[in-house]
Structure formats: C-alpha cells, structure tokens
Amino acid sequence: MSVRRRNVIPGFGLTMGYTIVYLSLIALIPLSTILLKTAGMGWERFWHVVLSPRVIAAYRLSIGASIAAAVINSIFGFAVAWSLVRYRFPGKGVIDSLVDLPFALPTSVAGITLTAIYAQNGLIGRALAPLGIKVAFTPLGVIVALTFIGLPFVVRTVQPILQDLEPELEEAAATLGASRLQTFRRVLAPALMPAAITGFALAFARALGEYGSVVFISGNLPMRTEVVPLLIMSKLEEFDYQGATAIALVMLVTSFAMLFAINLLQRWSAGRHAPA
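(A) The arrangement of the pattern of salt bridges in detail. Taken as a whole and judged by the stated rule, the model has six salt bridges. Arg-156 serves as the salt-bridge partner of Asp-96, at 2.8 Å between the closest nitrogen and oxygen. Note that Asp-96 is positioned in helix α4 (residues 92-99) and Arg-156 in helix α8 (residues 139-164), a separation of 60 residues in sequence. For the salt bridge of Asp-240 with Lys-235, the shortest nitrogen-to-oxygen distance reads 3.8 Å. One salt-bridge network, in which partners are shared between bridges, spans Arg-45, Lys-235 and Asp-240.

Pasting the structure below:
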C-alpha cells in the first residue's frame, strides 16, 4: 500500500500560480513595456538609433568591460574563496564580511570612493601616475568599478562548493602520485566548474547593467567612457523615451542571449564531469 506524500507547501497548481503572478508583476510586465514602447518607432528609426556610432561605442565598452571584470573576478574570486575555506588566519571573519561590502554599500558611494582613490591626485592614482597608468575617467576605471561590484557573486557561488569538497580527496590524489596541477585538473576543477561558470554569469550580468558606481569614475565621455546605462539616462534626460527603450531592448536581448549560452555551457560542463 503506497502512502501519499504530504507536502508542507501547497500543491503545484497553487504554488505555480503564485509564481507566475509574482514574476509577471515584478519582471514580465515591466519588461514588456520596453517592447511596447519600442514598437511605435518603426524599424527604420529603430536601426538608426541602436546602430549609431555613439551607441555602438557604448555597447563595445559595456560588454567588453563587463566580460573583463567577470574574468578578473572569476580568477581572484576563486583565490579569495579558497583562502576563506581552506585556511585559518587572524581577521578571517573581517575579510569574510568585507566580501559582502559591495552588496550593502550604495553603488554611488562606491563610485565616489573609487574615483577619489584612483584619480591622479588620489591615494592609488598618485602612485600609478609616474608609471603612465591612468585609471579614473578611462575605460580602465570602468573595469575597476565593475570588478568591485561583481566580486561577491563569484566568491559566494564558489565558496559553498569548496566547503563541501573533502580535503581527503586531495590527499588521496597526492598519495597516488598526482602533482598539484593534476589534482586541481582531475579533482577540483570538475566539481568547481559549474559553480565558477555560474559566478561568472552573475558577475557579468550584474556588471552589464551597472550605473551608480560607473557614473563618477568613467567621466561619461561620449565615444570613449560612456557605458550603455549612462547613455540610456542621457536619452531619458532629453525626453527621448523611444530611443532609450530601443537601446534598452538591445541590451535586454543581449543579456538574455549571453546568459542562455552560459547556462548551456554550465549544463554541458556539469553533465560532462558527472560520475558515470
């Protein structure tokens, strides 16, 4: 005699209904207004707006800087997560809390702080100036800001996976004669790859739409340091709502396409390294 399992949360129909309503109110309906607003401008004007040289330069900087920041965070975020999980040292709790600082700190405050530090008369900018390195008001400054706000996504995604990995697996690999590189490739990388790809995707998506921390350090120079969110705000200030929504639609489609591709890569990686 089979016993029917009793769920604590209500059944599928009711739960899914609440899910669809909630997502519709929070995400689907607001995003659909972008399509409706853009539909009234016609294809000719749409392509003229989204393919103008100034907009293309903003696309190039936003996407390129977001990818660069996500790659940097993937590398150094893994090192931070590894240090927090595998080692004990004084001040570990403080460093663990500092990782979440970009979550709690207003992005505009982060932008002002980074600009003050990396300006040519700032604490770090003054040291970099003799080397010919200028950070504030350059594309490099945009990457610095996007790296700052994206770090927690990588660390907090990789950290739980590292905590679940038993150190005995590495010790066993070393006992069998594996080098450190072989241990990383054969033991750690397969387990960490899906989480690393997820962290990269989250950091990239967060950076692609960032506005507050970039608005100060970028300098907002058209064709040079103007990112797409700043360009959209400029269009709104000029009351060009259709132009703003057209650019937003392109970024929305681009974000969905890249996140979809990364999710496919993550599933492929997880299936490839799954135990037989």
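(B) Looking closely at the side chain of Thr-38. Structurally, the position occupied by Thr-38 is in helix α1 (residues 12-39). What Thr-38 contacts, discounting residues up to four positions off in sequence, is Phe-46, Thr-245, Ala-246 and Leu-249.

(C) Focus on the packing of aromatic side chains. One pass over the structure, following the stated rule, counts seven aromatic pairs. On the numbers, 5.9 Å between centres and 75 degrees between planes, the contact of Phe-78 with Phe-184 is edge-to-face. Note that Phe-78 is positioned in helix α3 (residues 53-86) and Phe-184 in helix α10 (residues 180-208), a separation of 106 residues in sequence. In this structure an aromatic cluster arises from ring pairing among Trp-43, Phe-46 and Trp-47.

Quick notes on the rules
Residues numbered from 1 in each chain as written. Predicted model: local features only at pLDDT ≥ 70, side-chain atom pairs only at ≥ 80, totals over all residues. Heavy atoms only, no water. Salt bridge = Lys/Arg side-chain N within 4 Å of Asp/Glu carboxyl O. Helix = DSSP H or I, 4+ residues; strand = E, 2+ residues; numbered from the N terminus. Contact = heavy atoms within 4.5 Å. Phe/Tyr/Trp six-rings, centres within 6.5 Å; stacked < 30°, edge-to-face > 60°.

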